[in-house]
Amino acid sequence: MFLLDARLAQSIVDRTMQILDTNVNVMDERGLIIASGERARIGVRHDGALLVLAQGRAVEIDAALASRLQDARPGINLPLRAEGRVVGVVGVSGAPEAIRQHAELVRMAAETMLEQARLVQVLARDERLREELVLQLIGAAPAPAAADDWVREWARRLDVDLAVPRVALLVDIDAPALAAEAVLAAQQRLQRRLSALEPGLLSAPVSLRELAVLLPVPGGEHEPDRLRARVERLRARLGAEDAGACFALGGFFVGAEGLVRSWQSARATLRAGRRRQPQAALHCYADLTLAVLLAGLAEGWRADELQRPLQRLAAHDGDGQLRRTLEVWFAHDMRTAASAAALHVHRNSVDYRLRRVGELTELDLARLDDCLLLFIALELGGAG
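## Quick look at the packing of helix 10 (residues 301-314) against helix 13 (residues 347-361)
Phase 1: Remark: helix 10 packs on helix 13, axes separated minimally by 8 Å, with the N-to-C direction vectors making an angle of 115°. It follows that helix 10 is roughly perpendicular to helix 13 by the angle criterion. Of the two elements, helix 10 crosses helix 13, and the hand of that crossing is right-handed. Here P309, R312 and L313 of helix 10 lie close against helix 13, whose contacting residues are V357, L360 and T361.

See below:
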């Protein structure tokens, strides 16, 4: 329900009095003056406004009537309507016969301003509800009672088709040097820009730095390569001021919990991607599936056991050369020749370093189980 507040009322008064050389008052639904060219009158009950509210029509007050009313002056008081009902009264001071035409114009201008303010409120309300809907869909907000019914009802009101497949995209604004206000402004600008570039997109801030984005996925477009290319195109169309944002594309999942899982995978993808490629601007679940799925082993006693061989390695690998060789070897599917080419060394050097890794970690790199222990430890970022 639209309410006429003092700030809007005062803006009506100020704009009107820039044109008319007379005092203007605006009263609320109780007949109290909430804005006036004569500030001392604010908070006073206006008898003329009470007559307007009671009768639902304009009331003219001449000098004779003014003398019989409390704190009243000659003028014309007119009802202000919004959403089909009277929400307040505007009063123009002066002899009624002299200001009658001007008063009607003031009313029309005031109601235009009320309608604009109402539309802004509606848009802001719908935007907040749209964001709340996104948070419900990804499981990032406490679920209200009868959550499924709430989601379906508000999706219908907001014209959001829940049957459209979507995938979660996390946008992180990594700007530690910026003040909180600047980060918030950057997030809001990025949100507006993304919505303009992708009209069917849904988004909501999850934290000061994180923005949850739900991309609609047309039929047959959910393949990882197509989704990656789509996000790359979206990034390329952003302005230079948004170039520092980091994107993490979650997996595409179907079913009732699909978006919840997609969002969780996007968050885990961001963490895993930053461990592997800190400077990359886009991380994709499809490229980091194993690292993401193993992320649950990164804490507790299991993590301690997995990291123990790498801790032994780190104690004798001051410059990190052995660890780097091991990482490259795994990255090239444990092929010595390809690893040597990537490291720009002879393959014999790679063989020697791998033997040293085995000696220091007390593991046999010819055994699959031992290789898996080292690979998982590296994936979890252990003993770096």
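## Focus on the layout of surface pockets
Phase 1: Each pocket or cavity is described by its volume, and for the second largest pocket that value is around 420 Å³.
Phase 2: What lines the second largest pocket is a set of 16 residues, and nearest its centre among them are R276, E327, A331, L378 and E379.
Phase 3: Secondary-structure elements contributing two or more residues to the lining of the second largest pocket are helix 8 (258-276), helix 11 (321-331) and helix 14 (368-379).
Phase 4: For the lining of the second largest pocket, the element with the highest residue contribution is helix 11, accounting for 6 residues.

## Re the nonpolar core
Phase 1: Ranked by internal contacts, the top residues of the largest apolar core, which has 25 residues, are F2, L4, V26, L80, V90 and L114.
Phase 2: Counting residues per element, the ones that place at least two in this core are helix 1 (6-17), strand 1 (24-27), strand 2 (33-36), strand 4 (75-82), strand 5 (85-93) and helix 4 (96-137).
Phase 3: Per-element tally for this core: the top contributor is helix 4, with 7 residues.
Phase 4: Ignoring anything within four residues of it in the chain, the contact list for V90 reads V24, N25, V26, M27, I76, N77, L78, L80, V106 and R107.
Phase 5: In this structure, L194, L227, V231 and L234 belong to the second largest nonpolar core, which totals 24 residues.

## Some thoughts on the pattern of salt bridges
Phase 1: Scanning the entire structure with this criterion turns up 24 salt bridges.
Phase 2: Across the salt bridge formed by R118 and E83, the nearest N and O atoms sit 4.0 Å from each other. One end of the pair, R118, is in helix 4; the other, E83, is in the loop between strand 4 and strand 5, with 35 residues separating them in the sequence.
Phase 3: Classification of R118 by relative accessible area gives buried; the value is 18%.
Phase 4: Linking D370 and R367 is a salt bridge whose minimum nitrogen-to-oxygen distance equals 2.9 Å.

## Brief notes about the packing of aromatic side chains
Phase 1: Scanning the entire structure with this criterion turns up 3 aromatic pairs.
Phase 2: When the ring of W329 is compared with that of F330, the centres are 5.3 Å apart and the planes differ by 45°; the resulting orientation is tilted. Comparing W329 with F330 shows no difference in burial state: the two are buried.
Phase 3: Looking at R157, its charged tip hangs above the ring of W154, at a distance of 4.5 Å from the centre.
Phase 4: Here the guanidinium or amino end of R261 rests over the ring plane of F253, the centre of that ring lying 5.7 Å away.

## Re the packing of helix 10 against helix 14
Phase 1: Viewed as axis vectors pointing N to C, helix 10 and helix 14 meet at an angle of 95°, and their least axial separation amounts to 9 Å. One way to sum up the angle between helix 10 and helix 14 is to call them roughly perpendicular. Within the contact between the two elements, helix 10 uses L306, P309 and L310 and helix 14 uses L373, L374, I376, A377 and L378.
Phase 2: Its residues assigned to classes, the contact of helix 10 with helix 14 comprises 8 nonpolar, no polar and no charged.

## Details of unusual backbone geometry
Phase 1: Even without glycine at this site, M334 takes up a positive phi of about 60°.
Phase 2: Along the polypeptide, M334 turns up in the loop between helix 11 and helix 12 (336-343).
Phase 3: Unlike most non-glycine residues, E362 shows phi in positive territory, near 65°.
Phase 4: Within the fold, E362 resides in the loop between helix 13 and helix 14.
Phase 5: We classify E362 as exposed; its relative accessible area is 61%.

The rules behind the values
Residues numbered from 1 in each chain as written. Predicted model: local features only at pLDDT ≥ 70, side-chain atom pairs only at ≥ 80, totals over all residues. Heavy atoms only, no water. Axes fitted to C-alpha atoms, helices over the stretch in contact; angles between N-to-C directions. Helix = DSSP H or I, 4+ residues; strand = E, 2+ residues; numbered from the N terminus. Parallel < 35°, antiparallel > 145°, perpendicular 65-115°, else oblique. Left-handed = near helix turned anticlockwise from the far one by under 90°. Contact = heavy atoms within 4.5 Å. 1 Å grid on protein atoms, 1.4 Å probe; cavity = no way out; pocket = protein on both sides within 12 Å on 5 of 7 lines; lining within 4 Å. Points joined across faces, edges and corners; volume = space filled by probe spheres on them. Core = buried A, V, L, I, M, F, W, Y, C linked by side-chain atoms within 4.5 Å. Buried < 20%, exposed > 50% of the residue type's maximum accessible area, 1.4 Å probe, protein only. Salt bridge = Lys/Arg side-chain N within 4 Å of Asp/Glu carboxyl O. Phe/Tyr/Trp six-rings, centres within 6.5 Å; stacked < 30°, edge-to-face > 60°. Lys NZ or Arg CZ within 6 Å of the ring centre and 35° of its normal. Nonpolar A, V, L, I, M, F, W, Y, C, P; charged D, E, K, R; others polar.

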